[in-house]
Amino acid sequence: MSKVYDDLKAAFAGESQASRKYNSFARKADQDGFPQVAKLFRAAAQAETTHAYNHLRAMGEIKATVENLQAAIAGENYEVVSMYPEFINDAEAEGVKKALNTFRWAMEVEKGHEELYRKALQAVEAGSDAPQVEYYVCPFCGYTHEGPLEGACPVCGTPGEKFELIT
Ligand SMILES: [Fe+2]
Ligand SMILES: [Fe+2]
C-alpha cells in the first residue's frame, strides 16, 4: 500500500476517535452544567465526522452497499472471534474490572450486529432492502434490538423503555 493510503488510514482513525471523544466530552459538559461547551464539543465532533467520511471516501473504502455490508460483517466477526476474546483475557490477567465489563458488553452486542448485517445482506443480494423493522439501541451497552424491547436488556439489564429508537 502507498504511503498516502496509510496516511489516509491514520487520519481516518484519528478523526473517528476525535469525533467520539468530543461527543463523550459533550455529554460530560452537559452533566457539569456547561451547555455551551457541550454545544462546541458537538459542533467539532460533527466536523471531525465529516473529515473521517472524506478520508474514508478518498481511500476508496466506501463501496456498493453489498460490499459495505460484507465489510461490516467481517469487521463485527473479527471483533467477536478474535479481538474482544483476546482483550477479555488481557483484562482478566491484569484484573482490570472496568475494562473487562466494557469489553464483555461490546462483544455480546457485536454478535447481534453481525446477525443483523447478515440478514440485511441476504435481502440486498435478493434485490430488496433490509427487513422493515425499527431498531432500538440500549443507551448503556449498545445492545441493538429489532422492534421495541419488552423487559430488560439481555446484555446489561436496562429496562427496554429506556432504549433509543433509531430513525
Ligand atoms: Fe458492532
Ligand atoms: Fe444494555
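For clarity, every value in this text was computed on a predicted model and none was experimentally measured. (Residues numbered from 1 in each chain as written. Chains lettered and ligands numbered in written order. Predicted model: local features only at pLDDT ≥ 70, side-chain atom pairs only at ≥ 80, totals over all residues. Heavy atoms only, no water.)

S.K.: Would you mind going over the packing of helix 3 (residues 65-94) against helix 4 (residues 97-125) in detail, with residue names and values included?
M.R.: Each packed pair of helices is defined by two parameters, the angle between the axes and the distance between the axes. Contact geometry for helix 3 and helix 4: axes closest at 8 Å, N-to-C directions at 160 degrees. By the angle between their directions, the pair helix 3 and helix 4 is classed as roughly antiparallel. Of the two elements, helix 3 crosses helix 4, and the hand of that crossing is left-handed. (Axes fitted to C-alpha atoms, helices over the stretch in contact; angles between N-to-C directions. Helix = DSSP H or I, 4+ residues; strand = E, 2+ residues; numbered from the N terminus. Parallel < 35°, antiparallel > 145°, perpendicular 65-115°, else oblique. Left-handed = near helix turned anticlockwise from the far one by under 90°.)

S.K.: How would you sum up the side chain of Thr158? Please name residues and give values.
M.R.: Looking at where Thr158 falls in the secondary structure, it is placed in the loop between strand 2 (144-146) and strand 3 (164-166). Leaving out residues up to four positions away in the same chain, Thr158 has contacts with Cys138, Phe140, Gly151, Ala152, Cys153 and Phe163. (Contact = heavy atoms within 4.5 Å.)

S.K.: Hey, could you go over the packing of aromatic side chains for me, with residue numbers and the actual values?
M.R.: Counted under the stated rule, the structure contains six aromatic pairs. Taking 5.9 Å as the distance between ring centres and 45 degrees as the angle between the ring planes, the aromatic pair formed by Tyr84 and Phe103 counts as tilted. On the criterion of sequence distance, the pair formed by Tyr84 in helix 3 and Phe103 in helix 4 is long-range, its members being 19 residues apart. The exposure class assigned to Tyr84 is buried, which follows from its relative accessible area of 12%. Taking the relative accessible area as the measure of exposure, Phe103 reaches 22% and is therefore partly exposed. Centroid distance Phe87 to Phe103: 5.4 Å. Interplanar angle 45 degrees. Geometry classified as tilted. Here Phe87, found in helix 3, pairs with Phe103, found in helix 4; they are 16 residues apart in sequence, far enough to count as distant. (Phe/Tyr/Trp six-rings, centres within 6.5 Å; stacked < 30°, edge-to-face > 60°. Buried < 20%, exposed > 50% of the residue type's maximum accessible area, 1.4 Å probe, protein only.)

S.K.: For the coordination of the iron ion (ligand 2), give the residues involved together with the corresponding values.
M.R.: Listed as protein donors to the iron ion (ligand 2) are Cys138 (SG), Cys141 (SG), Cys153 (SG) and Cys156 (SG); their distances from the metal cover 2.2 to 2.3 Å. With four donor atoms in place around the iron ion (ligand 2) and angles of 99 to 120 degrees between them, the coordination shape is tetrahedral. Donor residues binding the iron ion (ligand 2) come from one chain and are separated in sequence as C-x2-C-x11-C-x2-C. Linking Cys138 in the loop between strand 1 (135-137) and strand 2 with Cys156 in the loop between strand 2 and strand 3, this pair joins segments that are 18 residues apart in sequence. Note on Cys156: relative accessible area 22%, which makes it partly exposed. (Donors = N, O, S within 2.8 Å, 3.2 Å for Na, K, Ca; no water. Tetrahedral: all angles 85-135°; square planar, octahedral: opposite > 155°, others 65-115°.)

S.K.: Explain the side chain of His113 residue by residue, including any values.
M.R.: When you line up the elements, His113 lands in helix 4. Note on His113: relative accessible area 19%, which makes it buried. If we ignore the near neighbours within four places in the chain, the residues touching His113 are Glu76, Gly142 and Thr144.

S.K.: Explain the environment of Thr158 residue by residue, including any values.
M.R.: For Thr158, a relative accessible area of 8% translates into the label buried. Taking the C-alpha atoms as reference, Thr158 lies 10.0 Å from Tyr143; in sequence the two are 15 residues apart.

S.K.: Break down the pattern of salt bridges for me, with residues and values.
M.R.: Side chains carrying opposite charge are able to pair once their charged atoms draw close together. Scanning all chains against the criterion turns up eight salt bridges. Of the charged contacts in the structure, one is a salt bridge between Asp32 and Lys28, with a shortest N-O distance of 2.7 Å. Asp32 sits in the partly exposed class, given a relative accessible area of 40%. We note a salt bridge from Arg42 to Asp30, for which the minimum N-O separation is 3.1 Å. Note that Arg42 is positioned in helix 2 (residues 35-58) and Asp30 in helix 1 (residues 3-31), a separation of 12 residues in sequence. For Arg42, a relative accessible area of 37% translates into the label partly exposed. Residue classification places Asp30 among the partly exposed positions, given a relative accessible area of 38%. (Salt bridge = Lys/Arg side-chain N within 4 Å of Asp/Glu carboxyl O.)

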